[in-house]
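Fold and contact review
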Amino acid sequence: MPLRTDLFAYVLPDDLIAAYPPEERLDARLMVINRKSGSWTHEQFRDLSRFLQPDDLLVLNNTKVMPSYIESADGRLTALLLEETSPRHWTALVKPGKLAKPGHRITFQNRSTRQTVDAEVLQTLEDGSRVFRFYGDFDLETFGEMPLPPYILQRREDLLDSEELKPLINDRERYQTVYAYKGGSVAAPTAGLHFTPEFLNQFKHTFITLHVGLGTFRPVKTEFVHEHEMHSERFSIPPGVSEVAESAGRLVAVGTTSARVLESVKTLKPHGGKTNIFIYPPYEFKRVQALITNFHLPKSTLLMLVSSFAGTELIREAYRDAIKERYRFFSYGDAMLIL
């Protein structure tokens, strides 16, 4: 019988959406789930080594988030630059769409430096994204802002409305893993946000790259899971991964993005390409033997992947308890280790 999308729905109180990261990266909580016993315990992320073996290999995604959120000079339009397809040509998501029809000219401006750059809308693609041609060079690293997920921005607005004190957070630093290296993502591989350089060096680890696209966070809107069309994302596996993986014990995927790469490739020898692998129950994992992940949005492909790894009912029960125990959810939230 087809798997219904509603099976992955749950109700989360708004105050459990993490608007800001913890004061220190290692301050996150950690729910440790044992698949064999069907039980879990409540721990701290800094105690991760207690639950891993010395020969376990952490596989981390070293993609780097581009500061790809830009605004028009008049403040009426925002754009999220997705990919530079050729020099000065970008695909982008825009809001509101009525202000970005083919032929429209738009001036974008950095609010801090007041630098401007003009662009023309060339095309509207099937998924609603636009193709822009920019008239002039600009350094995205200094011109754009970090593309924080909408639920974080909305939660921050709610907190400001309630007059709660806003923490001093540098999102350019905190919405980025400490090992981010290859630019190309529009969202962070959030399971890795909990690591510091010193903490990571306690573990045997290696890196792959998968550039995270917005499709990762979009909820599945079809009635049945299998009807959902999965997005494609670019990945690469550098030299050395295959050798270190062969000599390791368990492969521990740090994040669903790392898991998708490990499960989609035939070999871990150096190569690259695109993957649109959609992992949902009753998928049987081939390489990943343990998973570090955050708590995911309802009806998301990420929640479906985690449910496939641990079991749908076990994850449903664990999420219910996480809500009861007031874990912090989503990108800046707490973590889960599934063994």
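In the block above lies the structure referred to throughout.
From a predicted model like this one, the values you see are computed outputs, not experimental measurements. (Residues numbered from 1 in each chain as written. Predicted model: local features only at pLDDT ≥ 70, side-chain atom pairs only at ≥ 80, totals over all residues. Heavy atoms only, no water.)

1. Description of the nonpolar core
Buried together is how nonpolar side chains tend to be arranged in soluble globular proteins. One finds Ile 315, Phe 329, Met 336 and Ile 338 to be the most contacted residues of the largest nonpolar core, which totals 63 residues. Excluding anything up to four places from it in sequence, Ile 338 contacts Ile 33, Arg 35, Ala 290, Leu 291, Val 306, Phe 309, Ala 310 and Ile 315. In this structure, Val 32, Leu 200, Val 252 and Val 254 belong to the second largest nonpolar core, which totals 22 residues. (Core = buried A, V, L, I, M, F, W, Y, C linked by side-chain atoms within 4.5 Å. Buried < 20%, exposed > 50% of the residue type's maximum accessible area, 1.4 Å probe, protein only. Contact = heavy atoms within 4.5 Å.)

2. Things to note about the sheet that holds strand S2 (residues 39-44)
Read across the open sheet, the 9 strands follow the order S2-S1-S17-S16-S14-S3-S12-S13-S15; overall the sheet is mixed. Strand pairing shows two members of the sheet lacking a second neighbour, S2 and strand S15 (271-275), which therefore form its edges. When strand polarity is set aside, the average angle formed by the axes of neighbouring strands in this sheet is 25°. (Pairing = 2+ DSSP bridges. Helix = DSSP H or I, 4+ residues; strand = E, 2+ residues; numbered from the N terminus. Axes fitted to C-alpha atoms, helices over the stretch in contact; angles between N-to-C directions.)

3. Thoughts on the sheet that holds strand S8 (residues 105-109)
Spatially, 6 strands are ordered S5-S6-S7-S10-S9-S8 in an open sheet, and the strand pairing comes out antiparallel. Each edge of the open sheet carries a strand with a single partner, namely strand S5 (69-71) and S8. Pairwise comparison of adjacent strand axes, ignoring direction, gives a mean angle of 45° for this sheet.

4. Observations regarding the packing of helix H7 (residues 301-310) against helix H8 (residues 312-324)
At a minimum axis distance of 7 Å, the contact between H7 and H8 shows a crossing angle of 115°. Classified by the angle their axes make, H7 and H8 are roughly perpendicular. Contacts between H7 and H8 involve Leu 303, Val 306, Ser 307 and Ala 310 from the first element and Thr 312, Leu 314, Ile 315 and Tyr 319 from the second. Of the residues contributing to the contact of H7 with H8, the split by class is 6 nonpolar, 2 polar and no charged. (Parallel < 35°, antiparallel > 145°, perpendicular 65-115°, else oblique. Nonpolar A, V, L, I, M, F, W, Y, C, P; charged D, E, K, R; others polar.)

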